[in-house]
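If you want the building blocks of each chain, they are given just below.
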Amino acid sequence: MRVSEVQQESLTAEKAKWMYQKMVEIRRFEDQVHETFSTGTIPGFVHLYAGEEAVAVGVCSHLDDKDYITSTHRGHGHCIAKGCDLKGMMAEIYGKATGLCKGKGGSMHIADVSKGMLGANGIVGGGFPLATGAGLSAKLRKTGGVAVCFFGDGANNHGTFHEGINQAAIWDLPVIFVAENNGYGESTPFEYASSCKSIADRAAGYNIPGETVDGKDTMAVYEAAQRAVERARNGEGPSLIECVTYRNYGHFEGDAQTYKTQEEREQHLNELDAIIRFREHLLSNNLATEDELHSIDENVRQAVADAKEFAEKSPMPEANQLTTDVYVNYKPGGEE
Amino acid sequence: MARQISFADAINEAIKEAMRNDENVILLGEDVAGGADLDHLGDEDAWGGVMGVTKGLVQEFGRDRILDTPIAEAGYVGAAVSAAATGMRPIAELMFNDFIGSCLDEVMNQGAKLRYMFGGHAKIPLVIRTMHGAGFRAAAQHSQTLYGMFTAIPGVKVVVPSSPADAKGLLISAIEDDDMVVFFEDKTLYNVKGEVPEGHYTIPIGKADIKRSGDDLTIVAIGKQVNTALTAAEQLEQKGIEAEVVDPRSLSPLDENTILKSVQKTSRLLIVDEANPRCNAATDISALVADKGFDYLDAPIKMVTAPHSPVPFSPALEDLYLPSPEKILAVVSELIDDESIVTI
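Residues numbered from 1 in each chain as written. Chains lettered and ligands numbered in written order. Predicted model: local features only at pLDDT ≥ 70, side-chain atom pairs only at ≥ 80, totals over all residues.

Things to note about the overall build of chain A
Which entries qualify depends on this criterion: A run of H or I in DSSP counts as a helix once it spans at least four residues, and a run of E counts as a strand once it spans at least two, with each numbered from the N terminus. C-alpha atoms define the radius of gyration in this analysis, and the globule rule sets the expected value at 2.2 Å times the number of residues to the power 0.38. Any pair of residues counts as being in contact when their C-beta atoms, constructed from backbone geometry, are within 7 Å of one another.
Secondary structure assignment for chain A yields 11 helices and seven strands. Compactness check: chain A gives a C-alpha radius of gyration of 20 Å against a globular reference of 20 Å for 336 residues, within 12% of the reference. Pairs at least 24 apart in sequence give 76% of the contacts found in chain A among residues at least 6 apart.

Here's what the structure looks like:
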């Protein structure tokens, strides 16, 4: 089933250039994290979003700060598309006091509630009920906001998928479930782990619209998301969009990726690449000029370099931060 | 010198030994082989577990016995409970113990209780191998130490090895045991090497090991913290203080006798547990000694644990979170009433 056709708002040049900028920010940011991680400067482990930019940006271009998103362990792209500050993000990934979460969360838990970004998430499938709850909150508080749940193909087999979507459906909540089917849950192919042919097929079980789009075609994602967001804002309930995409890097940095073939990797890095394709779309539709795009590229390069420098120069958290932010109000020994 | 292998390789060997001995032993979990159904990989595994601990097993035992699962912990842990109840002897790998949040029902309400509720007419010979521990910069949802939770559940046995040799012998025992065992592997121990015997051997579950003898003070430490305690004990030796380091190796059942005997000898007890400080193994062992060994004590029981907070990501904070030899020495200085210990 396809989301009911709504009046397609044509993409303005301004919006198109914003989208291009966000996509380039994600790519450049992730390439920078990849490069820096290999030097040992970044603690822990990171899961990079490069390659999947069209999904986060195509969807988030319909959202503003009153709308919520839930994310995954591969969350940097969602953060950037939802407007999180690059410096605060990079500092968080370095574990610095100036990070968006004061260095307490790291790459896997970056959040900015003021932007409606309810956190990257270390638990596969963690986002479904959280997005449903954010949708419930938006509906009851009558904010006009929606909630988007980004999730991977791995999570589509998790029990919370069923519980979260079913609840959103029975209550007609303003939630959009966006599957990022990048072909592999960790090192396991989608086709092995999932009994369905497509994730969108599963929408039928909840009596909600479900469609599959080329997740590396920014306009296809943009248009599908527009229909689903409109439906949600009109009080018509949730939708499911499956975006077929690919991650350019491994599951985590350090993954040898032997499960991928060289041929598929090269194809995705070149002719199927979302940024190359969106760039061509903008130029051929006179939505931007070469000069404008070049200038965006340069500005982003600088912004990411600035974020890296900011993170490097920022201080580590003070020792007293270890036990703060656990509660709002708590007396360890109880009331006197 | 005897053969030295890593903690990870010791676990790999234990699984191999058990699988060779009994065809009902299977391993299932997320990417325990990896790359399922991919022609270009042939019989190779893509991962062999996220940390490579089960690498190579699929070549020997095949994909019917080394089963990659969807990322669906309730699904495969629950299936492992029932496969165990119906004649198999599964090993389910819960990649990080934090993921128990996704499958606690299968462990707590199903696996742990079936035998009792069925009046003894079922057994659950299941091992859940799971990774725990801070120090890996893995943040709050991949770094917890949750063995205390499982120790509180009747019907579950809980094993926490601290050395490669213990890991191998205890894991073989756990697999051959007819009850459900949750087997904790500290992710920061995987590369630690130690002497490990070849072939099949077992270490009984419920038997503590005295890792170092001493007369002045008992330090009971769990998992990786045994190594922290041993480091502290070496430093105390320079001060003429001989600490006895007791490794319970399993928390359920707990070898109460070995702990009580040690306290009877030393009259002082310190427990080192990297779990959060409330309702953990340290408080449990404290209660044991307060209850059954109160008359042996010359000083209050002390504990070194993590604080009552989630595990922080930032290295600056995570290093403060964990127990350390310095923290142990500071507490020992209170127990022995000698401030100079702190400055060792």
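Quick look at the overall build of chain B
Here is the rule: Any residue with 12 or fewer other C-beta atoms within 10 Å of its own C-beta is exposed, any with 20 or more is buried, and the rest are partly exposed; the C-beta atoms used are placed from the backbone.
From N to C terminus, chain B includes 12 helices and 14 strands. Whereas a compact globule of 344 residues would reach a radius of gyration of roughly 20 Å, chain B reaches 20 Å, a difference of no more than 12%. By principal-axis analysis of the C-alpha atoms, chain B measures approximately 65 × 45 × 40 Å. Looking at chain B residue by residue over its 344 residues, the buried ones come to 57%.

Some words on the nonpolar core
We apply this condition: Joined through C-beta atoms within 7 Å, a set of buried Ala, Val, Leu, Ile, Met, Phe, Trp, Tyr and Cys residues constitutes a nonpolar core.
By size, the foremost hydrophobic cluster in this structure holds 214 residues, and its most contacted members are A:V148, A:I176, A:V178 and B:L270. Per-element accounting of this core gives the leading share, nine residues, to helix α1 (residues 13–37) of chain A. Excluding residues that lie within four positions of it along the chain, A:I176 makes contacts with A:V146, A:V148, A:A225, A:A228, A:V229, A:A232, A:P238, A:S239 and A:I241.

Quick word on the sheet that holds strand β1 (residues 68–70) of chain A
Hydrogen bonds between backbone atoms are what pair the strands of a sheet, whose relative direction is either parallel or antiparallel. Residue and element names in this part refer to chain A. Condition: The pairing criterion for strands is at least two bridges between them, as found by DSSP. Between N-to-C directions, angles span 0 to 180 degrees; the directions come from axes that are lines fitted to C-alpha atoms, helices contributing only their stretch in contact.
With parallel pairing, five strands are arranged side by side in an open sheet as β1-β2-β3-β7-β6. Bordering the open sheet on either side are β1 and β6 (210–214), each of which pairs with just one other strand. Within this sheet the neighbouring strands show an average axis-to-axis angle of 20°, counted without direction. Pairing of β6 with strand β7 (residues 239–244), which is carried by five bridges, proceeds in the parallel orientation.

Side note on the interface of chain B and chain A
Facing 38 residues of chain B, the contacting portion of chain A comprises 38 residues. Among the elements that line the side of chain B that touches chain A, the one with the most residues is helix α11 (residues 315–321) of chain B, at five residues.

Some words on the packing of α1(A) against helix α11 (residues 290–313) of chain A
If you want to describe how two helices pack, look at the angle between their axes and the distance between the axes. Residues and elements named next belong to chain A. Keep this limit in mind: An angle below 35 degrees is read as roughly parallel, one above 145 as roughly antiparallel, one from 65 to 115 as roughly perpendicular, and any other as oblique. Put simply, a crossing is left-handed when the front helix is turned counterclockwise from the back one by less than a right angle, and right-handed when it is turned clockwise.
Packing of α1 against α11 leaves a shortest axis separation of 9 Å and a crossing angle of 40°. Here α1 lies oblique to α11, going by the angle between them. In this structure, α1 crosses over α11, and the sense of that crossing is right-handed. Along its contact with α1, which presents K17, Y20, Q21, V24, E25, R28, F29, Q32 and T36, the element α11 presents E292, L293, I296, D297, V300, R301, A303, V304 and K308.

As for the pairing of strand β10 (residues 217–221) of chain B
Residues and elements named next belong to chain B. Heads up, the rule is: Looking down the strands as they point away from the viewer, one classifies a crossover as right-handed if the path from the first strand across the helix to the second runs clockwise.
The buried fraction of β10 is high, at five of five residues. Alternating positions in β10 separate into two faces, L217, I219 and A221 on one and T218 and V220 on the other, with burial throughout. Pairing analysis gives four bridges linking β10 to strand β11 (residues 243–247), with the strands arranged parallel. Across the sheet, the residue bridging to V220 is V246, located in β11. The β-α-β motif built from β10, the intervening helix α8 (residues 225–237) and the parallel element β11 has right-handed crossover chirality. Inspection of the sheet shows β10 paired to strand β13 (residues 269–273) by four bridges, in the parallel sense. The residue bridging T218 from the neighbouring strand is L269, located in β13.

Details of the sheet that holds strand β6 (residues 156–159) of chain B
Residues and elements named next belong to chain B. Taken together, the seven strands give an open sheet; going across it, the order is β3-β2-β4-β5-β7-β6-β12, and neighbouring strands pair in mixed fashion. On the outer flanks of this sheet lie β3 (66–68) and β12 (250–252), each paired with one strand and no other. Strand after strand, the sheet turns through a mean of 20° between neighbouring axes, direction not considered. Here two bridges tie β6 to β12, and the two strands are oriented antiparallel to one another. Bridge pairing in β12 links V159 to S250.

Overview of the packing of α8(B) against helix α12 (residues 325–336) of chain B
Residue and element names in this part refer to chain B. Interaxial distance between α8 and α12 falls to 9 Å at its minimum, and their mutual angle equals 55°. Here α12 runs oblique to α8, going by the angle between their axes. Note on packing geometry: the crossing formed by α8 with α12 is right-handed. Facing α8, whose interface residues are T228, A229, T231, A232, Q235 and L236, α12 presents P325, I328, L329 and V332.

Topic: helix α8 (residues 218–233) of chain A
All names here are of chain A. As a reminder of what qualifies: Any helix carries an expected span of 1.5 Å times its number of residues minus one.
Compared with an ideal rise of 1.5 Å per residue, which puts 16 residues at 22 Å, α8 spans 22 Å between its outermost C-alpha atoms and is within 8% of the ideal. Buried within α8 we find T218, V221, Y222, A224, A225, Q226, R227, A228, V229, R231 and A232. At its buried positions, α8 is contacted by α1, α2 (53–60), β3 (175–181), β6, β7 and α10 (274–284). Phi for G235, located one or two positions after α8, is positive at around 80°.

Here's the deal with α2(A)
Of all eight residues in α2(A), eight are buried; the element is thus mostly enclosed. Every buried residue of α2(A) is listed here: A:E53, A:A54, A:V55, A:A56, A:V57, A:G58, A:V59 and A:C60.

Some remarks on the environment of A:K87
All names here are of chain A. Within the secondary structure layout, K87 lies in helix α4 (residues 86–93). Considered as a pair, K87 and G210 are 123 residues apart in the sequence and their alpha carbons are 36 Å apart. Setting aside its immediate chain neighbours within four residues, K87 contacts D306, A307 and F310.

With respect to the confidence of the model for chain B
Any segment with low pLDDT has predicted coordinates that should not be analysed in fine detail. Threshold: Confidence scores here are pLDDT values: one per residue, from the predictor, ranging 0 to 100.
With 99% of its residues at a pLDDT of 70 or more, chain B has an overall mean of 97. Across the interfaces of the predicted complex, the ipTM metric reaches 0.94, alongside a pTM of 0.95.

Side note on the pairing of strand β4 (residues 89–96) of chain B
All names here are of chain B. For β4, a buried count of eight out of eight residues is recorded, marking the element as mostly surrounded by other parts of the structure. Both strand β2 (residues 25–29) and β4 contribute to a ladder of five bridges, which runs parallel. In the strand pairing of β4, V25 is matched with R89. Direction of pairing for β4 relative to strand β5 (residues 127–132): parallel, over a ladder of five bridges. Following the sheet pairing, L94 is matched in β5 by T130.

Comments concerning the domain arrangement of chain B
Residues and elements named next belong to chain B. Heads up, the condition is: Domain borders in the structure are assigned automatically or taken from a domain database. Amino acids are sorted into nonpolar (Ala, Val, Leu, Ile, Met, Phe, Trp, Tyr, Cys and Pro), charged (Asp, Glu, Lys and Arg) and polar (every other residue, Gly among them).
In terms of domain boundaries, chain B breaks down into domain 1 (4–195) and domain 2 (209–343). Taking only C-alpha atoms into account, the centre of domain 1 sits 28 Å from that of domain 2. The interface of domain 1 with domain 2 comprises 25 residues on the first partner and 24 residues on the second. For the side of domain 1 that touches domain 2, the secondary-structure elements that each account for two or more residues are α6 (147–151), β6, α7 (164–176) and β7 (180–186). A per-element tally of the side of domain 1 that touches domain 2 places β6 first, with four residues. When the residues that make up the side of domain 1 that touches domain 2 are grouped by side-chain class, the tally is 12 nonpolar, nine polar and four charged.

A word on the environment of B:S267
Residue and element names in this part refer to chain B. Locating S267 in the fold gives a position in the loop between α9 (256–266) and β13. Under the C-beta neighbour-count criterion, S267 is labelled partly exposed, with 17 such atoms within 10 Å. Along the backbone, S267 and G293 are 26 residues apart, and their C-alpha atoms lie at a distance of 9.3 Å. Once residues within four sequence positions are removed from consideration, S267 is found in contact with Y296, L297 and D298.

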